Protein chains: 2
Amino acid sequence: MAVRDLEQLLIEQLRDLLSAEKQITKALPRMAKAASDERLRQGFEEHLAQTEGQIVRLERAFEQLGKAARAKACVAMEGLIAEAKEHLEEDMEPSVMDAALIASAQKVEHYEIASYGTARAWAEQIGQDAVARLLQETLDEETQTDEKLSRLAESLVNRRAA
Amino acid sequence: MAVRDLEQLLIEQLRDLLSAEKQITKALPRMAKAASDERLRQGFEEHLAQTEGQIVRLERAFEQLGKAARAKACVAMEGLIAEAKEHLEEDMEPSVMDAALIASAQKVEHYEIASYGTARAWAEQIGQDAVARLLQETLDEETQTDEKLSRLAESLVNRRAA
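Residues numbered from 1 in each chain as written. Chains lettered and ligands numbered in written order. Predicted model: local features only at pLDDT ≥ 70, side-chain atom pairs only at ≥ 80, totals over all residues. Heavy atoms only, no water.

## Notes on the relation of the copies chain A and chain B
Phase 1: With an RMSD of 0.0 Å, the fit of chain A onto chain B corresponds to turning through 180 degrees and sliding 0.0 Å along the axis. A rotation of that kind, with that shift, is consistent with a two-fold axis. Closest approach to the rotation axis within chain A is made by the C-alpha atom of Gly 79 of chain A, at a distance of 2.3 Å.
Phase 2: Both copies contact each other with a shared surface, as 100% of the interface residues of chain A are interface residues in chain B too. (Least-squares fit on C-alpha atoms with pLDDT ≥ 70 in both. Contact = heavy atoms within 4.5 Å.)

## Concerning the pattern of salt bridges
Phase 1: Per the counting criterion, the structure on display carries 24 salt bridges over all chains.
Phase 2: With a closest N to O distance of 3.6 Å, Glu 89 of chain B and Arg 30 of chain B form a salt bridge. Taken together, the positions of Glu 89 of chain B in helix α3 (residues 75–89) and Arg 30 of chain B in helix α1 (residues 6–34) put the pair 59 residues apart, joining distant regions of the chain.
Phase 3: With a closest N to O distance of 3.7 Å, Glu 124 of chain B and Arg 120 of chain B form a salt bridge. One end of the pair is Glu 124 of chain B and the other is Arg 120 of chain B, both in helix α4 (residues 94–125) and four residues apart, which spans about a single turn.
Phase 4: The exposure class of Glu 124 of chain B is partly exposed, given its relative accessible area of 45%.
Phase 5: According to the relative accessible area criterion, Arg 120 of chain B is buried, its value standing at 16%.
Phase 6: Here the residues in one salt-bridge network are Glu 38, Arg 41 and Glu 45 of chain A, joined through shared partners. (Salt bridge = Lys/Arg side-chain N within 4 Å of Asp/Glu carboxyl O. Helix = DSSP H or I, 4+ residues; strand = E, 2+ residues; numbered from the N terminus. Buried < 20%, exposed > 50% of the residue type's maximum accessible area, 1.4 Å probe, protein only.)

## Topic: the interface of chain A and chain B
Phase 1: Each partner contributes to the interface: chain A provides 46 residues, whereas chain B provides 46 residues.
Phase 2: Regarding the contact of chain A and chain B, the summed buried area is about 3700 Å², with carbon and sulfur atoms giving 55% of it.
Phase 3: Joining chain A to chain B, the criterion identifies six salt bridges.
Phase 4: Measuring nitrogen to oxygen at the nearest pair gives 3.3 Å for the salt bridge that ties Glu 86 of chain B to Lys 72 of chain A.
Phase 5: One can count 20 residue pairs in polar contact (both at pLDDT 80 or more) joining chain A with chain B.
Phase 6: Where the side of chain A that touches chain B is concerned, the elements lending two or more residues are α1 (6–34), α3 (75–88), α4 (94–125) and α5 (129–161) of chain A.
Phase 7: Tallying contributions element by element places α4 of chain A first for the side of chain A that touches chain B, with 16 residues.
Phase 8: Of the residues assigned to the side of chain A that touches chain B, the class counts are 23 nonpolar, nine polar and 14 charged. (Buried area = accessible area lost by both parts, 1.4 Å probe. Polar contact = N/O pair within 3.5 Å; in protein donor to acceptor, adjacent residues only side chain to side chain. Nonpolar A, V, L, I, M, F, W, Y, C, P; charged D, E, K, R; others polar.)

## Concerning α3 of chain B
Phase 1: Its 15 residues give α3 of chain B an end-to-end C-alpha distance of 21 Å, which sits within 8% of 21 Å, the value for a rise of 1.5 Å per residue.
Phase 2: Along α3 of chain B, the positions that sit buried rather than exposed are Val 75, Ala 76, Met 77, Gly 79, Leu 80, Ile 81, Glu 83, Ala 84, His 87 and Leu 88 of chain B.
Phase 3: Close packing links the buried residues of α3 of chain B with α1, α3 and α4 of chain A together with α1 and α4 of chain B. (Expected span 1.5 Å × (residues − 1).)

## Section: the environment of Glu 141 of chain B
All names here are of chain B.
Phase 1: Looking at the secondary structure, you find Glu 141 in helix α5 (residues 129–161).
Phase 2: The class of Glu 141 is buried, set by a relative accessible area of 16%.
Phase 3: In this structure, the C-alpha to C-alpha distance between Glu 141 and Thr 51, residues 90 residues apart in sequence, is 9.5 Å.
Phase 4: Sequence-distant contacts of Glu 141, that is, excluding residues within four places in its chain, are made with Gln 50, Gln 54 and Arg 57.

## Let's talk about the confidence of the model for chain A
Phase 1: On average, residues of chain A score 97 in pLDDT, and 99% of them reach the 70 mark or higher.
Phase 2: Predicted as a complex, the structure gets a pTM of 0.97 and an ipTM equal to 0.96. (pLDDT = per-residue confidence, 0-100.)

Structure below.
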């Protein structure tokens, strides 16, 4: 079955994102547990709740497009999470582990920023404005999470790990 | 061997990035070949030359830190490139393939933006200013490449693929 237009590509991208978000909900509790800084641990827990809301938004986008909300294995996120797990299994000073956890989390955020940004542009292009708005809401959350992680790293975690 | 401080973590991150950049130099020619838009094809070719310069900067950063420029398999980039290859093997209209290629390339750029951003902050934190400057130069290039891809998608490629 050939992919003939941007709508089909958008649906593929949303299926990839649905898989990515589900993988993230499984990884975040492990990252929260490995964090020693209290704010970082809380941040991961809050992001878990947020991610569940993002999954609901994706399901609503599928509904708008008249398609089943079916995930398609996101191999890129599998790689990102495998890398995060490699770090978790390393023998690290707790303060250094916090810096490594933030680095992994920001890589995950950036995957989502790229992916939601693209999906939003495609939805706009094909006139699916309600879908574009849903994707923009999540994109804003991911951008804020990324900035929050940068601030926590630069104000505290990196200094402690140095 | 425990990872005790940010300098050790920085060296790990640079080894991961060296692997990532080398993987990208292998993927870009295939992406250029699959592009049907001439500007996109040229963009991939220019980015290949740029990536080779980024590898040289990483080697200089290792030199500054007194460490061997040894790559360590970046499994996250393996996943990102595996996903790009999945798209390349799909049966797609050429205009839709161009949109998919840009999406894959922006995911790769965002991995690098996150990774160089983190490494630069770590280098600054430990007072390795020359290393931080090298990483900032590459970070600026990656950000510009990402913006260029967004412009090409939004001004032309997405409309053609719709």
